[in-house]
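# Analysis of the macromolecular model
In case you want the letters, here they are:
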Amino acid sequence: MPQIILLLIVALIAWFGYRKFIADAQKVTRHQERLRRERETGANGTLVKDPKTGEYRLKREDE
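Residues numbered from 1 in each chain as written. Predicted model: local features only at pLDDT ≥ 70, side-chain atom pairs only at ≥ 80, totals over all residues. Heavy atoms only, no water.

### With respect to the overall build of the protein chain
Stated formally: Helix and strand assignments follow DSSP, with helices taken as H or I runs no shorter than four residues and strands as E runs no shorter than two, numbered in order from the N terminus. The quantity called the radius of gyration is restricted to C-alpha atoms. Its globule counterpart is 2.2 Å times the number of residues to the power 0.38. Relative accessibility decides the category of a residue: with a 1.4 Å probe and only protein chains considered, values under 20% of the type maximum give buried, values over 50% give exposed, and everything between is partly exposed. Where accessible areas are quoted, they stem from the Shrake-Rupley method and a 1.4 Å probe; at the residue level, only the protein chains shown are allowed to cover. The charged-residue count follows a simple rule in which Lys and Arg add positive charge and Asp and Glu add negative charge, with His and chain termini not counted at all. Charged groups are reduced to one reference atom each: NZ for lysine, CZ for arginine, CG for aspartic acid, CD for glutamic acid.
Within the protein chain one finds one helix and two strands. Secondary structure elements of the protein chain occur, N-terminal to C-terminal, as α-β-β. In terms of overall dimensions, the protein chain is more spread out than a globule: its C-alpha atoms have a radius of gyration of 20 Å, far above the 11 Å expected for 63 residues. Projected onto the principal axes, the alpha-carbon positions of the protein chain cover approximately 60 × 30 × 10 Å. Taken across its 63 residues, the protein chain has 3% of its residues classed as buried. Approximately 6000 Å² of the protein chain is accessible, and the part contributed by carbon and sulfur atoms is 63%. Taking the average location of the 13 positive side-chain charges in the protein chain and that of its 9 negative ones, the two points are 4 Å from each other.

Distances and angles like these do not, on their own, reveal function.
Pasting the structure below:
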């Protein structure tokens, strides 16, 4: 019985690790794709509109 519980714990940790790995890989891919598009168009960044003030600003990396 303890072996089954230990195996389930290891499998659960592996599953969460795999999910985290996939999420990080997708985030890096999105970032690289955005940088590629900026290089193609010659842009210096991506502008986003602030809904409160209506002003445009450069998109931060953490968004």
